[in-house]
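# Structural overview
Okay, here's what each chain looks like letter by letter:
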Amino acid sequence: MLKIKSTFFLYFSLINLFCLSIGLLSAQPRPVKNGHYKNGVVVCASAYGARIGADILRQGGNAYDAAIATQLALAVVYPQAGNIGGGGFMVARTADGKLQALDFRERAPFLATKNMYLDSNGQADLHKSQDGHLSVGVPGAVAGIFSMYKNARLPFKKLIDPAIELAEKGFKITESEARLLNRFKKDFQRYNDAPVAFVKATPWQSGDLLVQPELAATLNLIRDKGAAGFYTGRTAKLIVAEMQRGGGIIRQQDLNRYQAIPRTPVQFAYHGYQVVSFPPPSSGGLLLAQMMGMIQPFNIDTMGFLSAKAVHIMTEAERRAFADRAEYMGDPDYFQVPDSLLLNKTYLKSRMAGFDPTKATPSTIVKAGQLYEHKETTHICVADKEGNLVSITTTLNGNFGSRVVVKGAGFLLNDEMDDFSAKPGVPNMFGAVGGIANAIEPGKRMLSSMCPTLVLKNNAPYMVVGTPGGTTIPTSVFQTIVDIIDYGKTPKEATAAPKFHHQWLPDTTMMEDGFAPGVTDSLKQMGYAIKTVNGIGRTEIILFDQQKMSKTGVKERAGMQAAADTRGDDSVDGY
Ligand code: DON
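The present account deals with the structure reproduced in this document.

What follows deals with helix 5 (residues 141–148). Most of helix 5 sits out of view: eight of its eight residues are buried. The set of residues buried in helix 5 consists of Ala141, Val142, Ala143, Gly144, Ile145, Phe146, Ser147 and Met148.

So this is what it looks like as structure tokens:
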């Protein structure tokens, strides 16, 4: 009897183990939209990514370890934006309070020229800056990961192995991922001459397994050789060969000379909180600082949440900040960005001088201020129990970037060159215009709007926040912080709240559905042109509890609430 029982249990355990090993990673975890955690949490665009990062925290990794593991996992399970062939920014705070900004943005290849996207009539050909080989900037993601790793503590193998396993064994795609892959099938076929993992003969369906053996091989090289496994040797050769095949201009010297750069974070105070965000070459942090600085004197908390009055003031601040973006912001290594002047309190007050509480200001009369001189990205929020905070926005730019998959290496390349101003005044994919500050130059980083952000209170962790969404990124982060600080909204409410966006040009306010009846009409009466849009951003938030005293009078360690955006498959995981 005993023998039968133990044999049964042996079989039972073996079957379980087998199911676990084939099912553990292939079974799509269900997204968790929000939760409260004591020790650490990860929020990102995929339930796989959140689970892998949170497992790293549970195994004793810190927020940097978890962020790296999540970013690598997203390169596999979220190919529309997660990447090793793109770039991004990290804003972080170490447990001992050191603030960091890491720039792993793509840069223009050395063969790039100012007019490379103009046709023979001098017209900008945006198809070339947005699709295919010529749209690709030199990838920075892998250099970024290894710079972040300096603050991590677990062996790198532990951080990358889950991603390799997902690429090798495959993972089950969600319904929205299936839809997206089907939508881009023709593009994948057009820009790639060999079969790619993202294309199959019959349409993708929810639950299908996406297996990426070539990507797994590339990740193995990165695991064994570090950044050299990407920027030199086999992977680098494959990138250059891919470029030459399709008329791209990235060469080995571009890969040899790519470096992630530590920057000084943008920091400013807002109603007693300290906001920390990303400086140029992103416009995100400066725009955020400008918008918050412009609305600070208006006591927005006394106006109704998302009332026409409040939306009006915030929109006017957005409009003015974006007019400055077009004129004054670019890669600080190539263009002197007048950051302290743009953030000067008197200057910001003067920007709102023409504000009329009853009327929209037409963008035609808003110019960049006079300074007296003198469609995919993804966000990861991580916090651990020691107080390390990591906020990363990373991107290929458009969905699946250039749609070029490096032959033999299995990863997608970005189409980030479109973030440059191809020609003064010609809008890019996000409708953003620019001039000299953001003109193409060899080796220069293209201006971004990405805005990974932290908020501190009395130097202690308060919020980790960020979102994708092109130019809507800084306005969504702006509104999220205002919703939480000024209106006392919870992370769940703030991420779900309808967002609005104005970027100076075009002179239109984009609004999601969900505003109270009458708000849109009031705004129209003030002179706003309104365009209703679907899904602005995917805002991820971690908010720290305010510290409480325990019954014995000891300060309790703060827990954290996390919320993943409900607009996508985004998910939180923690413990
Ligand atoms: O850096 C930027 O501002 C853009 N490349 C971001 C693109 C983006 O957010 C697309 N996502 N929805």
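Two elements in contact, helix 13 (residues 284–295) and helix 17 (residues 472–485), have axes separated by 9 Å at closest approach and are oriented at 45°. Considering the angle they form, helix 13 stands oblique to helix 17. As for how helix 13 packs across helix 17, the hand of that crossing is right-handed. Contact residues: Gly284, Leu287, Leu288, Met291, Met292 and Ile295 in helix 13; Pro474, Thr475, Val477, Phe478, Ile481 and Val482 in helix 17.

What follows concerns the pattern of salt bridges. Applying the stated rule across the entire model yields 28 salt bridges. The partner of Asp573 in a salt bridge is Arg58, and the shortest N-O contact between them spans 2.8 Å. Looking at Asp573, the relative accessible area reads 17%, which means it is buried. Overall, the relative accessible area of 37% leaves Arg58 in the partly exposed class.

What follows is about the sheet that holds strand 19 (residues 571–574). Read from one edge to the other, the open sheet built from seven strands follows the order 7-4-3-11-10-2-19, with strand pairing classed as antiparallel. Each edge of the open sheet carries a strand with a single partner, namely strand 7 (261–263) and strand 19. Across the sheet, the mean angle separating the axes of adjacent strands is 15° when strand polarity is ignored. Taken strand by strand, helix 5 contacts strand 3 (87–93), strand 4 (99–104) and strand 11 (389–397), and its axis lies near 155° from that of strand 4.

Right, let's talk about the packing of aromatic side chains for a bit. Under the criterion given, the structure shown has 15 aromatic pairs. Each ring, one from Phe184 and one from Phe400, has its centre 5.3 Å from the other, and the planes form 65°; the classification is edge-to-face. Phe400 sits in the buried class, given a relative accessible area of 1%. Plain terms: the ring middles of Phe198 and Phe400 are 6.3 Å apart, the flat faces sit at 45° to each other, and that makes the pair tilted. Across the pair, Phe400 and Phe198 agree in class, each one buried. Taken together, Phe184, Phe188, Phe198 and Phe400 form an aromatic cluster joined through their ring pairs. The residue whose ring lies beneath Lys200 is Trp204, and the NZ or CZ to ring-centre distance is 5.3 Å. The side chain of Lys489 reaches across the aromatic face of Phe305, ending 4.4 Å from its centre.

Of note, the bond from Pro280 into Pro281 is cis; its omega dihedral lies within 30 degrees of zero at 15°. Here Pro281 is to be found in the loop between strand 9 (273–277) and helix 13. Cis rather than trans, the peptide bond between Leu505 and Pro506 has omega equal to 0°. With a phi close to 60°, Phe400 is a non-glycine residue in the positive phi region. Considering the arrangement of structural elements, one finds Phe400 in the loop between strand 11 and strand 12 (453–457).

The next subject is the site of the ligand. Taken together, 14 residues lie around the ligand, and Thr377, Asn397, Glu416, Asp419 and Gly470 are the ones closest in. Thr377 has a polar side-chain atom sitting 2.5 Å from an oxygen atom of the ligand. Between the ligand and the protein, one listed contact pairs an oxygen atom with a backbone N or O atom of Ser449 at 2.7 Å. If you list the elements that add at least two residues to the shell around the ligand, you get strand 10 (376–384) and strand 11. Taken together, the residues of the shell around the ligand break down into three nonpolar, seven polar and four charged.

It is worth spelling out the side chain of Asp103 at this point. Along the chain, Asp103 falls in strand 4. Only 2.9 Å separates the side chain of Asp103 from the backbone nitrogen of Arg105, close enough to count as a polar contact. Polar contacts involving the side chain of Asp103 include one to the side chain of Arg263, which spans 2.9 Å. Every residue in contact with Asp103, bar those within four places of it in the chain, is listed here: Gly88, Phe89, Tyr258, Ala260, Ile261, Arg263, Phe278, Pro281 and Arg445.

Here we take up the environment of Arg567. Locating Arg567 in the fold gives a position in the loop between strand 18 (560–563) and strand 19. A C-alpha to C-alpha distance of 9.2 Å links Arg567 and Thr495, two positions 72 residues apart in sequence. In this structure Arg567 touches Thr495, Ala496, Ala497, Pro498, Lys499, Glu512, Gly535, Ile536, Gly537 and Arg538, once residues within four positions along its chain are discounted. Only 2.8 Å separates the side chain of Arg567 from the side chain of Glu512, close enough to count as a polar contact.

Attention now goes to the side chain of Thr395. Residue position: Thr395 is located in strand 11. Only 2.6 Å separates the side chain of Thr395 from the side chain of Thr377, close enough to count as a polar contact. Only 2.6 Å separates the side chain of Thr395 from the backbone nitrogen of Asn397, close enough to count as a polar contact. Excluding anything up to four places from it in sequence, Thr395 contacts Ala81, Asn83, Gly86, Gly87, Arg105, Glu106, Glu376, Thr377, Glu416 and Met450.

A word on the sheet that holds strand 16 (residues 530–532). The sheet built from three strands is open, its strands ordered 14-15-16 with mixed pairing. Sheet topology places strand 14 (500–501) and strand 16 at the edges, where each strand pairs with a single neighbour. In the sheet, strand 15 (residues 509–511) pairs with strand 16 via three bridges, with the strands oriented parallel. Bridge assignment links Met510 to a residue of strand 16, and that residue is Lys531.

Okay, the pairing of strand 12 next. In terms of burial, strand 12 is a largely internal element, four of the five residues being buried. Looking at chain direction, strand 9 and strand 12 are connected through three bridges and run antiparallel. What sits directly across from Val275, in strand 12, is Val455. Note that strand 12 and strand 13 (residues 460–466) share five bridges and pair antiparallel. Bridge pairing in strand 13 places Leu456 opposite Pro461. Counted between consecutive antiparallel strands, the loop separating strand 12 from strand 13 contains two residues, among which Asn458 sits at a positive phi close to 50°.

Attention now moves to the nonpolar core. Ile481 and Ile542 are the most contacted members of the largest nonpolar core, which has 86 residues in total. When residues no more than four places from it in sequence are discounted, the contact partners of Ile542 are Val41, Val43, Cys381, Val382, Ala383, Tyr462, Met463, Val464, Met560, Gln561 and Ala562. Core analysis: the next-biggest nonpolar cluster, separate from the first, contains 83 residues, Leu181, Val196, Val382 and Leu396 among them.

The rules behind these values
Residues numbered from 1 in each chain as written. Predicted model: local features only at pLDDT ≥ 70, side-chain atom pairs only at ≥ 80, totals over all residues. Heavy atoms only, no water. Buried < 20%, exposed > 50% of the residue type's maximum accessible area, 1.4 Å probe, protein only. Helix = DSSP H or I, 4+ residues; strand = E, 2+ residues; numbered from the N terminus. Axes fitted to C-alpha atoms, helices over the stretch in contact; angles between N-to-C directions. Parallel < 35°, antiparallel > 145°, perpendicular 65-115°, else oblique. Left-handed = near helix turned anticlockwise from the far one by under 90°. Contact = heavy atoms within 4.5 Å. Salt bridge = Lys/Arg side-chain N within 4 Å of Asp/Glu carboxyl O. Pairing = 2+ DSSP bridges. Phe/Tyr/Trp six-rings, centres within 6.5 Å; stacked < 30°, edge-to-face > 60°. Lys NZ or Arg CZ within 6 Å of the ring centre and 35° of its normal. Near = heavy atom within 4 Å. Polar contact = N/O pair within 3.5 Å; in protein donor to acceptor, adjacent residues only side chain to side chain. Nonpolar A, V, L, I, M, F, W, Y, C, P; charged D, E, K, R; others polar. Core = buried A, V, L, I, M, F, W, Y, C linked by side-chain atoms within 4.5 Å.

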